[in-house]
Amino acid sequence: MPATVFTIANQKGGVGKTTTAITLAAALANKEIATLVVDLDPQANATSGLGIEKEEGQSIYGPITGEGSILDHIVETNVKNLSLVPSEVDLAAAEIELAQKPDYLLQLREAIRPVVESDRYRVIILDCPPALGLLSMNSLAAADYLLIALQCEYLALEGLGQILKVVDRLHEAEINRTLAIGGIVMTMFDVRTNLSRQVVEEVRTHLPHLIFDTVIPRTVRLSEAPSFGQTIFDYDRMNPGATAYKNLAVE
Ligand code: ATP
Ligand code: MG
């Protein structure tokens, strides 16, 4: 059975995309679901957060520009059942290279095909940079589902329209007709503020079919874990953030 591909994309920075990518991936891996994270962000936060050293030539850069196979770019993490295609700064140049290809939106889909079609992974999670540039667009063209991380803050819904419009365009242009919205994950929910509650309510009212029941709490332990190269499940498994991401994995 081919792997299911999720992309965690949106143009807003610092909203919890990477935290969601690596923690959700680890939660799935802990459930014996073989999972691969592909770090598409030149910032390489998913890579360092999973405790992997950046290494020149190891990123997806080669495979998406037509050189080499993704199978040679996979590294194992410290988490059982969880592998990674790491990122490094070179990936920033990939946008320029991609722009020169005739099929500039379909390069990633082609590049990941060998892992999608192999029986090695059931889930592939793409962690995108905070922009709807060519790397993110390629991820949307390659994915089965888009997961949207929305921070529980004022104007959270702003910008959502933009990415939903991009999804419509990809459908219309028949670049990826089957791309579905997997759901909206509300992140950094602060129990102490009314604002957090109001924002979740607003999204529930407007997009009841898209919002996940699970809301990710703001907890400092989730922000500390990556600096130790650990997921929350190894760093502080009783933390409410760990429980929330486990619930999200089930959903
Ligand atoms: P970028 O757009 O730069 O890629 P991002 O959308 O991937 O950012 P993260 O890197 O996951 O966002 O999160 C931004 C910051 O917020 C990080 O320092 C992260 O550790 C912290 N953070 C994320 N989720 C939580 C949370 N639930 N509680 C507390 N801190 C969090
Ligand atoms: Mg990120």
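Fair warning: this is a prediction, and the values are worked out from it, not measured in the lab.

Conventions we followed
- Residues numbered from 1 in each chain as written.
- Chains lettered and ligands numbered in written order.
- Predicted model: local features only at pLDDT ≥ 70, side-chain atom pairs only at ≥ 80, totals over all residues.
- Heavy atoms only, no water.
- Helix = DSSP H or I, 4+ residues; strand = E, 2+ residues; numbered from the N terminus.
- Buried < 20%, exposed > 50% of the residue type's maximum accessible area, 1.4 Å probe, protein only.
- Contact = heavy atoms within 4.5 Å.
- Axes fitted to C-alpha atoms, helices over the stretch in contact; angles between N-to-C directions.
- Parallel < 35°, antiparallel > 145°, perpendicular 65-115°, else oblique.
- Nonpolar A, V, L, I, M, F, W, Y, C, P; charged D, E, K, R; others polar.
- Polar contact = N/O pair within 3.5 Å; in protein donor to acceptor, adjacent residues only side chain to side chain.
- 1 Å grid on protein atoms, 1.4 Å probe; cavity = no way out; pocket = protein on both sides within 12 Å on 5 of 7 lines; lining within 4 Å.
- Points joined across faces, edges and corners; volume = space filled by probe spheres on them.
- Salt bridge = Lys/Arg side-chain N within 4 Å of Asp/Glu carboxyl O.
- Near = heavy atom within 4 Å.
- Areas by Shrake-Rupley, 256 points an atom, 1.4 Å probe, with all protein chains shown as cover.
- Sits in = over half its atoms within 2 Å of the grid points.
- Pairing = 2+ DSSP bridges.
- Right-handed = clockwise from strand over helix to strand, strands pointing away.

J.: Please explain the overall build of the protein chain as it appears in this structure.
T.: Each helix and strand counted, the protein chain has 11 helices and 8 strands in total. Based on the C-alpha atoms only, the size of the protein chain along its principal axes is roughly 50 × 40 × 35 Å. Counting all 251 residues of the protein chain, 53% fall into the buried class. Of the contacts made within the protein chain by residues no fewer than 6 positions apart, 77% connect residues no fewer than 24 positions apart.

J.: Just checking my understanding: could you explain the packing of helix H1 (residues 17-30) against helix H11 (residues 240-250) for this structure?
T.: Relative placement of two packed helices is described by the angle separating their axes and the distance separating the axes. In the contact formed by H1 and H11, the axes pass within 9 Å of each other and the chain directions differ by 70°. Judged by the inter-axis angle, H1 sits roughly perpendicular to H11. Touching Thr 19, Thr 20, Thr 23, Leu 24, Ala 27 and Leu 28 of H1 are Tyr 245, Lys 246, Leu 248 and Ala 249, all from H11. Split by residue class, the contact of H1 with H11 holds 6 nonpolar, 3 polar and 1 charged.

J.: Hey, could you run me through the side chain of Asn 10 in this one?
T.: Within the fold, Asn 10 resides in the loop between strand E1 (4-8) and H1. The class of Asn 10 is buried, set by a relative accessible area of 4%. Within polar-contact distance, the side chain of Asn 10 engages the backbone oxygen of Ala 149 at 2.8 Å. Those residues within four positions of Asn 10 in sequence are excluded, and the remaining contacts are Val 15, Lys 17, Pro 129, Pro 130, Ala 131, Ile 148, Ala 149 and Ile 163.

J.: Can you walk me through empty space enclosed by the protein in this structure?
T.: A water-sized probe rolled over the atoms picks out the places where empty space is left. Using the criterion set out here, one finds 2 cavities of 30 Å³ or more in the structure. The volume enclosed by the largest cavity comes to roughly 90 Å³. Along its surface, the largest cavity is lined by 14 residues, and Asn 10, Lys 12, Ala 149, Leu 150 and Ala 156 are the ones closest to its centre. If you list the elements that add at least two residues to the lining of the largest cavity, you get strand E6 (145-151) and helix H7 (160-172). Broken down by element, the lining of the largest cavity gets its largest block of residues, 4 residues, from E6. Partitioning the lining of the largest cavity into residue classes produces 7 nonpolar, 4 polar and 3 charged. There is about 60 Å³ of room inside the second largest cavity. If you go around the second largest cavity, the residues you meet are Thr 19, Ile 22, Thr 23, Leu 222, Ala 225, Pro 226, Gln 230, Thr 231 and Ile 232.

J.: Is there a simple way to explain the pattern of salt bridges in this structure?
T.: Side chains that carry opposite charge are capable of pairing whenever their charged atoms lie near each other. Counting across every chain of the model gives 8 salt bridges. For the salt bridge of Glu 32 with Lys 80, the shortest nitrogen-to-oxygen distance reads 3.8 Å. Taken as a pair, Glu 32 in the loop between H1 and strand E2 (35-39) and Lys 80 in the loop between strand E3 (75-76) and strand E4 (82-85) lie far apart in primary sequence, 48 residues in all. As far as the burial class goes, Glu 32 and Lys 80 line up, both exposed.

J.: Help me out: how do you make sense of the site of ligand 1 in this one?
T.: What surrounds ligand 1 is a group of 18 residues, the closest being Gly 14, Lys 17, Thr 18, Thr 19 and Pro 217. Within the backbone of Gly 16, one N or O atom sits 2.9 Å away from an oxygen atom of ligand 1. At 2.8 Å from an oxygen atom of ligand 1 is found a side-chain nitrogen or oxygen belonging to Thr 18. Contact with the protein chains removes 81% of the 620 Å² of surface that ligand 1 exposes when unbound. In this structure, ligand 1 is accommodated by the largest pocket. Secondary structure elements with two or more residues in the shell around ligand 1: H1, strand E8 (211-217) and helix H9 (220-224). The element contributing the most residues to the shell around ligand 1 is H1, with 3 residues.

J.: What am I meant to see in the pairing of strand E7 (residues 180-189) here?
T.: The two faces of a sheet get side chains in turn, since along a regular strand they alternate between them. Note: E6 against E7, 7 bridges, orientation parallel. Counted as the bridge partner of Gln 151 is Thr 187 from E7. Regarding topology, H7 serves as the crossover connection from E6 to the parallel E7, and that connection is right-handed. The pairing of E7 with E8 spans 3 bridges and is classified as parallel. Counterpart to Met 186 in the pairing with E8 is Val 215.

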